[in-house]
Amino acid sequence: QVQLVESGGGLVQPGGSLRLSCAASGSVPGLNTMGWYRQAPGKQRELVALITNSGATSYADSVKGRFTISRENTENTVSLQMNSLKPEDTAIYYCLLKYRAGLFYEYWGQGSQVTVSS
């Protein structure tokens, strides 16, 4: 079993920055992918960014050049640095950890509210 605990988020003005962090605990396998999804009111949950344990990253087109995902494998943490935030970035952000061990496993954090507003 894996537990994910998020921190960060909050209210920021357009053009500002925020940083989200997520710490995984429990039986975390070495080979895994961590990342972030978000869900805005009335919309489906969407991918923001992913990072593998080897450091390969992928981003949604809407955040490329503004968001940076990173991780610390020894501490099982993943972070999302969000710069040049826009009102349309307003959403609940969820941390994800997924891996395959025969079956596919996915674990989610509790969600962190990010609000971009003047």
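Predicted, not measured: the structure shown is a model, and the values here were computed from it.

**Student:** What exactly am I supposed to notice about the pattern of salt bridges here?
**Tutor:** Two side chains of opposite charge can pair, provided their charged atoms sit close to one another. Throughout the structure, instances matching the rule amount to four salt bridges. One salt bridge in this structure joins Glu46 and Arg38, with 2.7 Å as the shortest N-O distance. The partner of Arg66 in a salt bridge is Asp89, and the shortest N-O contact between them spans 2.7 Å. Within this pair, whereas Arg66 is found in the loop between strand E6 (57-59) and strand E7 (67-72), its partner Asp89 is found in the loop between strand E8 (77-82) and strand E9 (91-101), the two being separated by 23 residues in sequence. Considered together, Arg66 and Asp89 belong to a single accessibility category, that of buried residues. The network of salt bridges with shared partners includes Arg38, Glu46, Arg66 and Asp89.

**Student:** What's the story with the state of the cysteines in this structure? I'm lost.
**Tutor:** As used here, a disulfide is simply a covalent bond connecting the sulfur atoms of two cysteines. Applying the stated criterion to the full structure yields one disulfide. What pairs with Cys22 in a disulfide is Cys95, and their sulfur atoms sit 2.1 Å apart. When the S-S torsion is -85°, as for the bridge of Cys22 with Cys95, the disulfide is left-handed. Separated by 73 residues along the polypeptide, Cys22 in strand E3 (residues 18-26) and Cys95 in strand E9 bring together distant segments of the chain. As far as burial versus exposure is concerned, Cys22 and Cys95 are alike and both buried.

**Student:** Looking at this structure, how should I read the pairing of E9?
**Tutor:** If a strand is regular, its side chains alternate between the two faces of the sheet. Relative to E9, strand E4 (residues 33-39) runs antiparallel, the two being bridged by seven bridges. Within E9, the residue paired with Arg38 across the bridge is Tyr93. Pairing between E9 and strand E11 (residues 112-116): three bridges, direction antiparallel. Within E11, the position partnered with Ile92 by the bridge is Gln113. A loop of one residue connects E9 with strand E10 (residues 103-108), the two strands running antiparallel in sequence, and Gly102 in this loop sits at a positive phi of about 80°.

**Student:** Just checking my understanding: could you explain the nonpolar core for this structure?
**Tutor:** Burial of nonpolar side chains together is a common tendency in soluble globular proteins. Core analysis: the biggest nonpolar cluster contains 30 residues, and Leu4, Trp36, Leu80, Met82 and Tyr93 have the highest contact counts within it. Where this core is concerned, the elements lending two or more residues are strand E1 (2-8), E3, E4, strand E5 (46-52), E7, E8, E9 and E11. Per-element tally for this core: the top contributor is E9, with five residues.

Definitions and cut-offs
- Residues numbered from 1 in each chain as written.
- Predicted model: local features only at pLDDT ≥ 70, side-chain atom pairs only at ≥ 80, totals over all residues.
- Heavy atoms only, no water.
- Salt bridge = Lys/Arg side-chain N within 4 Å of Asp/Glu carboxyl O.
- Helix = DSSP H or I, 4+ residues; strand = E, 2+ residues; numbered from the N terminus.
- Buried < 20%, exposed > 50% of the residue type's maximum accessible area, 1.4 Å probe, protein only.
- Disulfide = S-S within 2.5 Å.
- Pairing = 2+ DSSP bridges.
- Core = buried A, V, L, I, M, F, W, Y, C linked by side-chain atoms within 4.5 Å.

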